[in-house]
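Understanding the architecture of this molecule
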4 protein chains.
Amino acid sequence: MAGSSYGKLFQITTWGESHGKALGVVVDGAPAGLPLCEADIQLFLDRRKPGQTKISTPRKENDEVEILSGVFEGRTTGTPISLIVHNTSQRSSDYSEIANYYRPGHADYTFDAKYGFRDYRGGGRSSARETIGRVAAGAIASKILSELGIHLTAYTKSIGPVSIDMERFDKNAILETPTCMPDYQASKQAEQYLAECMREYDSVGGVIECVIDGVPAGLGEPVFDKLDANLSKAIMSVGAVKAVEIGDGIQVASRRGSENNDAFMMKDGQVTKVTNHAGGILGGISDGSPIIFRAYVKPTPSIFSPQKTVNKAGENIEISIKGRHDPIVVPRAVVVVECMAAITILDALFTNATAKMDTLKRIYHA
Amino acid sequence: MAGSSYGKLFQITTWGESHGKALGVVVDGAPAGLPLCEADIQLFLDRRKPGQTKISTPRKENDEVEILSGVFEGRTTGTPISLIVHNTSQRSSDYSEIANYYRPGHADYTFDAKYGFRDYRGGGRSSARETIGRVAAGAIASKILSELGIHLTAYTKSIGPVSIDMERFDKNAILETPTCMPDYQASKQAEQYLAECMREYDSVGGVIECVIDGVPAGLGEPVFDKLDANLSKAIMSVGAVKAVEIGDGIQVASRRGSENNDAFMMKDGQVTKVTNHAGGILGGISDGSPIIFRAYVKPTPSIFSPQKTVNKAGENIEISIKGRHDPIVVPRAVVVVECMAAITILDALFTNATAKMDTLKRIYHA
Amino acid sequence: MAGSSYGKLFQITTWGESHGKALGVVVDGAPAGLPLCEADIQLFLDRRKPGQTKISTPRKENDEVEILSGVFEGRTTGTPISLIVHNTSQRSSDYSEIANYYRPGHADYTFDAKYGFRDYRGGGRSSARETIGRVAAGAIASKILSELGIHLTAYTKSIGPVSIDMERFDKNAILETPTCMPDYQASKQAEQYLAECMREYDSVGGVIECVIDGVPAGLGEPVFDKLDANLSKAIMSVGAVKAVEIGDGIQVASRRGSENNDAFMMKDGQVTKVTNHAGGILGGISDGSPIIFRAYVKPTPSIFSPQKTVNKAGENIEISIKGRHDPIVVPRAVVVVECMAAITILDALFTNATAKMDTLKRIYHA
Amino acid sequence: MAGSSYGKLFQITTWGESHGKALGVVVDGAPAGLPLCEADIQLFLDRRKPGQTKISTPRKENDEVEILSGVFEGRTTGTPISLIVHNTSQRSSDYSEIANYYRPGHADYTFDAKYGFRDYRGGGRSSARETIGRVAAGAIASKILSELGIHLTAYTKSIGPVSIDMERFDKNAILETPTCMPDYQASKQAEQYLAECMREYDSVGGVIECVIDGVPAGLGEPVFDKLDANLSKAIMSVGAVKAVEIGDGIQVASRRGSENNDAFMMKDGQVTKVTNHAGGILGGISDGSPIIFRAYVKPTPSIFSPQKTVNKAGENIEISIKGRHDPIVVPRAVVVVECMAAITILDALFTNATAKMDTLKRIYHA
């Protein structure tokens, strides 16, 4: 398996290149009986569309999804759901030049090293368009989770030096601002900062945060399939992510145990935690508190200022990248991160289903 | 699979609880013909032993490894290598009290939530002793990698507020200092800081860094089994790790693309990078530069000062943890992190072996 | 994973229902650099087409394959190859009646039991059309194997009481006869027998044999992923197959050891076997002799004579199946069996690649 | 993974060689809360013990199992259960001679071809002692199934020309006869036949049948993880098995559809089948009828009469095998086959648990 499948029981397999005929995903393991239509999925795909604002590439990508299998009379049948999005807006000529050199910060060189050659058009398989499959599958996972009372909210936490203020947190802003920040004021500042980056032919990084509410205690498998371990893999597998942290993350490294431990207390007859430094996961297993994690995203490697690199002939050269590129990856990656988390949580729900003899007996009426 | 196996082709399966009869690992997929004896493995296990210095628990754990299968006349046979370490130093009476309450920062509550009850002695399966299997397996992975010219070096980067100075970097210090810091001076400071923590009945976190030299370009599978994604899962699966970063990690989120991109250049006829902000991985595939990553580790949750929590009867109580506990997890986790990385890199070497028709033909003389 | 993926390193994921929009497969793990075009795949798909002769259904299924990803400038890129075949000849009205009862010998009842409801049109996911994805993927596996000197030949060995005579074996006949028998004379007899079955509104079973030449010794992994174990799973997963045997198969159960053991002898400096009762596999590992196995296939369950069954309301009823159905499954299943074997052998070649330190060093020039 | 693990959610990993220090298995995925002690497992291991009767080898193998992890206060904890059986009766000197040649019908040559060398003592990893791990794990699977109302019964159906008569079927005879035949009279005849084989320095094959009662309809995953496909792999992975059939198996190949289809009918308000030619599986999914399958087992390859073979120097030689060998594999393989089936059925129960939204909601009280 060349790494295009993810998930043990709720398994997705993505395929497609930036400038191929189409991209898609096969979702295997969705339970039967879920109401599902294309609109459910389109809603999520529209959140990753470019061409929507001035801070994103002027490319128009309609990215209309089609369900090819696995749904009958409006409900999932339990068999694989195949989803396809046709490529309609490729201008391959834009990319012919990059066939012969390696763009800094891109996977051009490593794909050549691994495979001997590559589909160089628009980054081929390493393009951000690859995430279409993840988002389409994540839409299904999110709908199942929603029926189980589990809800995910990802948003932009910071762009370059501009961070949101949690006191101004407004969930509506996530879908309404071009930055996907839940803070209208910070979003305005970030847009100004991005305009400045663009004027300077440069790009910038940022941070995505995700909160998951309603996760029951008990998800995650010791010792290698810990919930935080699987989330880390899922999130780090998104292109451009260079760090992942759970709960208070990097801060815990300089803390005392007395500060960092979350005391337990009874609340409404339930075991709860007074604080949530742990981010909802203890010993790799969900503890019933909200799960919180963050992804640190690098600046778009495609910048318009001149850069030094080498070509396939082994010569040192200087290049200027052309084409249509966002100055920041973060806003469009927000829904991708949310979807990868949804798939991971759902798979954990599935693998946990048979952890106790009692549950097993209940399932099979024994 | 309840999550106790890791790796696709070089697969390890660990088992054992803190206070059970023994702990161990089955290593399946080690190639035939590798010279291997118990001393090769003991060398690594000794690096995680407690009771060696005043900053670690006074427990004596000899942790002598025995090879039960898979080695014949001094060489691996290609069949599963079963390794066992008998538990010899358990004092279960120490732990009887914790059977009825949930220690803050521990997995007591989440194991109960998941399984209905737990082996409470010394943390059971969630104990740090679980890492014995990882380290034993990692010793084998490291030996194979070493024969292929790949070498890993993990060390403590910081403990609480004390960080190493890379200008004083001395590899020998890693094995010689009780902190596993590659800087004798920083280690002295850290020891003082730890003594202070212990006097205050408290614990502290820290950072582990790992550098991997000699990794050929081309390892890692797009798109979900990216090398950094798999490393993140491997490292985050080590108890107490709360964040993982690759290369410059979290710093890239506030950087410009022009700062963060690593220019390529030719050097001795090879494609190399002028800088290595990416930490040796581009697009999820190794680029031939050293791989660098960091793990952020939380403070030991077992502290001796009083803490609030709840018991199994659902009452709010205050507890004082007794027993033998390190004030810091980091030094003993250094070898665990190194071993998990070794297993991950080796598995990537295996899965990459058939990426090209040319290599396949070479293997099978076609 | 709901069972729609097969293979560890060369992994295929199929999707699609009989009367959905399309069917297809994602092939992940094909090595880069293989010349590949639609015609390579169409050649295999045409071998499973119905509507070609009077012994098969008069349905016209063009089943034209389209490559959607993973091939660039005529060669595989190492990334997932997505293949699609659009459904063009469905007449759903034919099947509306079967929505409410369970056809004997079909999966109608078991799908309802498992999922609560089913896509009843033409058998949905349990239709023989599901094998389109297997055959498309098998065409790619076969092409890779061919470049490594490995060739597979499957054919019909018997239909009802009519068996081929190995002395009349003619490979050309496999593709030229409507029965896929490598014996023109037996094929004529079988056609007469089938005409008789059709007149009697009945169907009949048969046997498929497959020979694989050029397999190097050493493929197959002890103890669970034995080559014969994996072949058995692959072949038994083809609908209507009820028994699988390797080499002399069922006959060995009544044999003496002195008859059944294959003596080794040197031939042209190579270890060979004097006989091949074992069918090319010893201890689950290929021994360098041709691999031989057989699949026993049940009669088409859809017959036109009246049958007793029950409906969804729980009433005993009598039904007469209408529609277009072959009186025998075997001829069209020949290429499916061959393709499943090809995928299994290729996957075994991949997993075996890293069995020895020597090979590993050779791959990585260490 | 070199093939020593089996099962997706109830996963077993076996290890150990015939003449190593010990053999064992790690069982990962057993649900928490199952009462379990060594006697539960010993009961099954005792059924595969040699040295019990004159038709089996005079070797004494006590094969006492020890639970090393995963059980606390008499119940499973949900964490991996490690089981070990120490080797006590090896006489390695018996085998030194076979180091240099390849025994016909054994895996000596194929292990050398695959790995470059082998642990030749008693067959090493390809020894029948490898099945100890399977049986120990199968005992746990059987106990869980038993609590869910599912019961397996495997027995010897025939030995050479001697078959049981189903009219004399007596379940007690399975455990009481040395042949494991459920027919005292046939067993006597088989014993006489075996005595004759031994006098002639020869061995013989036989057939094992297994019936599984109480399996609910709905188990098995279309299309590759069909229940019969997984059973076939499990059973074919047992050394010496050369054919597997489900239900009426090979007989269906010469049948008419009108004979072979099992009519459905209502009985006590349940959908049932009038006949069970299908062996309890339709379209790869259990149909609620008893599951029936058969394994065809080859004669013991170790025979005392002279045989032709080659040695490692590439010379044609004649050998006479010495040592202690059963004239038939079948009786001791009965419990192995039963255990592999139990593991497969249990895993199917696990993977099926999340097939419907309704069940998922019921598990998580949503």
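Residues numbered from 1 in each chain as written. Chains lettered and ligands numbered in written order. Predicted model: local features only at pLDDT ≥ 70, side-chain atom pairs only at ≥ 80, totals over all residues. Heavy atoms only, no water.

**What about the overall build of chain A?**
Of the regular secondary structure elements, chain A holds nine helices and 18 strands. Rg of the C-alpha trace for chain A: 21 Å, near the compact-globule value of 21 Å for 366 residues, within the 12% margin. The principal-axis extent of the C-alpha atoms belonging to chain A is close to 65 × 50 × 40 Å. Expressed as a percentage of the 366 residues in chain A, the buried residues total 69%. Nonlocal contacts in chain A, meaning residues at least 24 apart in sequence, comprise 67% of its contacts between residues at least 6 apart. A total of about 11,300 Å² of accessible surface is found on chain A, and carbon and sulfur atoms cover 49% of it. Side chains of chain A carry 40 positive and 43 negative charges; the gap between the two charge centres is 3 Å. (Helix = DSSP H or I, 4+ residues; strand = E, 2+ residues; numbered from the N terminus. Rg over C-alpha atoms; globule rule 2.2 N^0.38 Å. Buried < 20%, exposed > 50% of the residue type's maximum accessible area, 1.4 Å probe, protein only. Contact = heavy atoms within 4.5 Å. Areas by Shrake-Rupley, 256 points an atom, 1.4 Å probe, with all protein chains shown as cover. Lys, Arg positive; Asp, Glu negative; His and termini not counted. Charge placed at Lys NZ, Arg CZ, Asp CG, Glu CD.)

**Some thoughts on the environment of N87 of chain B**
Residue and element names in this part refer to chain B. Note that N87 resides in the loop between β7 (81–86) and α2 (108–115). Residue N87 is classed as buried on the basis of its relative accessible area, which comes to 11%. Linking N87 and G16, residues 71 residues apart in sequence, is a C-alpha distance of 9.6 Å. Ignoring sequence-local partners within four residues, the contact set of N87 consists of E17, S18, H19, G20, K21, A22, L23 and R129. From its side chain, N87 meets the backbone oxygen of E17 in a polar contact 3.2 Å long. (Polar contact = N/O pair within 3.5 Å; in protein donor to acceptor, adjacent residues only side chain to side chain.)

**Remarks on the relation of the copies chain C and chain B**
Aligned on chain B, chain C shows an RMSD of 0.0 Å; the corresponding rotation is 180 degrees and the shift along the axis is 0.0 Å. Those values place the two copies in the arrangement expected of a two-fold rotation axis. Counting the interface residues of chain C, we find that 100% of their copies in chain B are interface residues as well, pointing to one common contact surface. (Least-squares fit on C-alpha atoms with pLDDT ≥ 70 in both.)

**Digging into the interface of chain B and chain A**
Facing the 102 residues of chain B at the interface are 102 residues of chain A. Of the roughly 8,100 Å² buried between chain B and chain A, counting both surfaces, carbon and sulfur atoms make up 60%. Contact with chain A buries area across many residues of chain B, yet K114, F224 and R256 of chain B alone supply 11% of it, more than any other trio. For the pair chain B and chain A, the number of links is 10 salt bridges. For R256 of chain A, the salt bridge goes to E200 of chain B, with nearest N and O atoms at 2.8 Å. There are 47 residue pairs in polar contact (both at pLDDT 80 or more) connecting chain B and chain A. The residue inventory of the side of chain B that touches chain A, partitioned by class, reads 46 nonpolar, 32 polar and 24 charged. Here strand β11 (residues 241–246) of chain A pairs with strand β11 (residues 241–246) of chain B via three bridges, running antiparallel. Its bridge partner being in β11 of chain B, V244 of chain A is matched across the sheet by V244 of chain B. (Buried area = accessible area lost by both parts, 1.4 Å probe. Salt bridge = Lys/Arg side-chain N within 4 Å of Asp/Glu carboxyl O. Nonpolar A, V, L, I, M, F, W, Y, C, P; charged D, E, K, R; others polar. Pairing = 2+ DSSP bridges.)

**Re the sheet that holds strand β2 (residues 11–16) of chain A**
Residue and element names in this part refer to chain A. The sheet built from five strands is open, its strands ordered β1-β2-β3-β7-β4 with antiparallel pairing. Here the strands that pair on one side only, and so sit at the sheet edges, are β1 (5–6) and β4 (65–67). Where β2 lies against strand β3 (residues 22–28), six bridges are found, and the strand directions are antiparallel. Paired with Q11 across the bridge in β3 is D28. Along the sheet face, helix α1 (residues 38–47) touches β4 and β7 (81–86) and points at about 150 degrees away from the line of β4. In the packing of helix α3 (residues 131–147) onto the sheet, contacts are made with β2, β3 and β7, and the angle to β3 comes to roughly 35 degrees. (Axes fitted to C-alpha atoms, helices over the stretch in contact; angles between N-to-C directions.)

**Some details on the packing of helix α6 (residues 227–236) of chain C against helix α8 (residues 330–352) of chain C**
All names here are of chain C. For the pair α6 and α8, interaxial distance at closest approach is 9 Å and the crossing angle is 145 degrees. By crossing handedness, the relation of α6 to α8 is classed as right-handed. Taken together, the residues of α8 that come into contact with α6 (itself represented by L227, N230, L231, A234 and I235) are V337, M340, A341, T344, I345 and A348. The residue makeup of the contact of α6 with α8, split by class, is nine nonpolar, two polar and no charged. (Left-handed = near helix turned anticlockwise from the far one by under 90°.)

**Side note on the sheet that holds strand β2 (residues 11–16) of chain D**
All names here are of chain D. Strand order in this open sheet of five strands is β1-β2-β3-β7-β4, and the pairing throughout is antiparallel. Strands at the two margins of the open sheet, each flanked by one partner only, are β1 (5–6) and β4 (65–67). Contacting β4 and β7 (81–86), helix α1 (residues 38–47) crosses the sheet at an angle of about 150 degrees to β4. Along the sheet face, helix α3 (residues 131–147) touches β2, β3 (22–28) and β7 and points at about 35 degrees away from the line of β3.

**Observations concerning the environment of T344 of chain D**
Residue and element names in this part refer to chain D. Counting through the fold element by element, T344 comes out in helix α8 (residues 330–352). Between the C-alpha atoms of T344 and Y6, which are 338 residues apart in sequence, the distance is 8.9 Å. Setting aside anything within four residues of it in sequence, one finds T344 in contact with Y6, N230, L231 and A234. Among the polar contacts made by the side chain of T344, one reaches the main-chain carbonyl oxygen of M340 at a distance of 2.7 Å.

**Section: the packing of helix α1 (residues 38–47) of chain B against helix α3 (residues 131–147) of chain B**
Residue and element names in this part refer to chain B. In the contact formed by α1 and α3, the axes pass within 8 Å of each other and the chain directions differ by 125 degrees. As summarised for this structure, α1 and α3 are arranged oblique, according to the angle between their axes. Considering the relative orientation of α1 and α3, their crossing is right-handed. Between α1, through D40, I41, F44 and L45, and α3, the contact on the second element is made entirely by I132, V135, A136, A139, I140, S142 and K143. Within the contact of α1 with α3, the residues separate by chemical class into eight nonpolar, one polar and two charged. (Parallel < 35°, antiparallel > 145°, perpendicular 65-115°, else oblique.)

**Examining the interface of chain C and chain B**
With 29 residues of chain C in contact, the opposing surface of chain B contributes 29 residues. When chain C packs against chain B, the two sides together hide about 2,500 Å² of surface, and 69% of this comes from carbon and sulfur. Seen at the junction of chain C and chain B, the total is two salt bridges. Residue K361 of chain B is joined to E147 of chain C by a salt bridge in which the shortest nitrogen-to-oxygen separation is 2.9 Å. Along the contact surface separating chain C from chain B lie 11 residue pairs in polar contact (both at pLDDT 80 or more). Where the side of chain C that touches chain B is concerned, the elements lending two or more residues are α3 (131–147), α8 and α9 (357–363) of chain C. No other element matches the six residues that α9 of chain C contributes to the side of chain C that touches chain B.

**Some points on the confidence of the model for chain A**
Chain-level pLDDT for chain A is 94 on average; 95% of the residues reach the 70-or-more range. Prediction confidence for the complex, expressed as pTM and ipTM, is 0.97 and 0.96 respectively. (pLDDT = per-residue confidence, 0-100.)

**Observations regarding the pairing of strand β13 (residues 270–273) of chain B**
Residue and element names in this part refer to chain B. What you see with β13 is a clean split: V271 and K273 sit on the buried side and Q270 and T272 on the side with no burial. As paired elements, strand β12 (residues 264–267) and β13 share four bridges and run antiparallel to each other. Bridge assignment links K267 to a residue of β13, and that residue is Q270. The antiparallel hairpin formed by β12 and β13 contains two residues in its connecting segment, where D268 sits at a positive phi of about 55 degrees.

**A few points about the relation of the copies chain B and chain A**
At an RMSD of 0.0 Å, chain B and chain A line up after a rotation of 180 degrees and a shift of 0.0 Å along the axis. When you check the interface residues of chain B against chain A, 100% turn up at the interface there too, and the contact is symmetric in its surfaces.

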